[in-house]
Amino acid sequence: SGPLDIDVLKELTAFREAAGSTGEDRRWAALRMAEHRLATGRVDAAVRMLHVDLRRFEAEDAPPASRAELLVLLGRGYRALSQWKQAAGAVQLAIELCDETDPVRGEAWVLLGQMHSAQGELEEAFECYDRALAELPATASNLPAFVGRGETSSLLGNHRAARADLAEAGRL
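Counting starts from 1 at the beginning of each chain's written sequence and moves along it residue by residue. Thresholds applied to this predicted model are a pLDDT of at least 70 for local features of residues and 80 or more for the giving and counting of side-chain atom pairs; totals over whole chains, interfaces and linings are not thresholded and use all residues. Only hydrogens and water are set aside when side-chain values are computed; all heavy atoms of the structure are taken into account.

**Observations regarding the overall build of the chain**
Test applied: Runs of H or I in DSSP of at least four residues are treated as helices and runs of E of at least two as strands, each being numbered from the N terminus. Burial here depends on accessible area, computed with a 1.4 Å probe over protein chains only, as a share of the maximum for the residue type. Under 20% is buried, over 50% is exposed, and the range in between is partly exposed. For the area figures, the Shrake-Rupley method with a 1.4 Å probe applies, and any residue is considered shielded solely by the protein chains shown.
Of regular secondary structure, the chain possesses nine helices and zero strands. Each helix (α) and strand (β) of the chain, taken in turn from the N terminus, gives the series α-α-α-α-α-α-α-α-α. Overall, the chain is about 55 × 40 × 30 Å in size when its C-alpha atoms are taken along their principal axes. In the chain, which comprises 172 residues, the proportion classed as buried is 42%. Surface accessibility of the chain: about 9,300 Å² in total, with carbon and sulfur atoms responsible for 53%.

**So, the pattern of salt bridges**
Our working definition: By definition here, a salt bridge exists when the distance from a side-chain nitrogen of Lys or Arg to a carboxyl oxygen of Asp or Glu is within 4 Å.
Evaluated as defined, the whole model comprises 12 salt bridges. A salt bridge links Glu 35 to Arg 32; its shortest N-O distance comes to 2.8 Å. Placement of the pair is Glu 35 and Arg 32 together in helix 2 (residues 23–39), with a separation of three residues, close to one helical turn. We note a salt bridge from Arg 149 to Asp 130, for which the minimum N-O separation is 2.6 Å. Of this pair, Arg 149 sits in helix 8 (residues 142–155) while Asp 130 sits in helix 7 (residues 122–135), and the two are 19 residues apart along the sequence. One connected set of salt bridges, linked through shared partners, spans Arg 26, Arg 27 and Glu 60.

**Some thoughts on the packing of aromatic side chains**
Put simply, the rule is: Ring geometry is summarised as follows: Phe, Tyr and Trp rings, the Trp one being its six-membered ring, pair when their centres sit within 6.5 Å, and such pairs are stacked at plane angles under 30 degrees, edge-to-face over 60 and tilted between the two.
Per the stated rule, a full pass over the model turns up one aromatic pair. Ring plane angle 80° and centroid distance 5.6 Å describe the contact between Phe 15 and Trp 28, whose orientation is recorded as edge-to-face. Of this pair, Phe 15 sits in helix 1 (residues 8–17) while Trp 28 is found in helix 2, placing the two residues 13 residues apart along the sequence. The class of Phe 15 is partly exposed, set by a relative accessible area of 36%. Of the residues examined, Trp 28 reaches a relative accessible area of 42% and is grouped as partly exposed.

**Digging into unusual backbone geometry**
At Asp 61, a residue that is not glycine, the phi angle is positive and equals roughly 55°. Looking at the secondary structure, you find Asp 61 in the loop between helix 3 (43–59) and helix 4 (64–80). Positive phi outside glycine occurs at Ser 82, with the angle close to 60°. The topology assignment puts Ser 82 in the loop between helix 4 and helix 5 (84–97). Judged by relative accessible area, which is 48%, Ser 82 ranks as partly exposed.

Here it is as structure tokens:
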């Protein structure tokens, strides 16, 4: 216990509920709280609160991009709980909500690819990684998309393409 020990969720809640907080402030805090819960292994709590926050975002008529970011986090939570159908549904909805140039869309495609890969659906996984790279060529999703597509290509027997993708990932 030291001077830097803080209760992250308590501080984010205080920020979210502070007088004068805007809708954007509340959405930012909700997203950070969900990320924190997922990162600290509180997956059940994260999934439960993500559903509450999604209803809040919808009631506030939050921008689709904000709702999409929550849905990607919900997909991550469901994936961690091995609830594949719910995870895929949340991520698919995120993709539908995102503008084609929104980086969250690339993250969603990569997550969907990872889920297909984990279930042995290699062709579907390849397509998801490929879409992430084609639709969003210069975003943070590129590294995991190149790695995922490279690993998937290798498993599908296309070793030349796998080497090219993994080499590209190494350059990023």
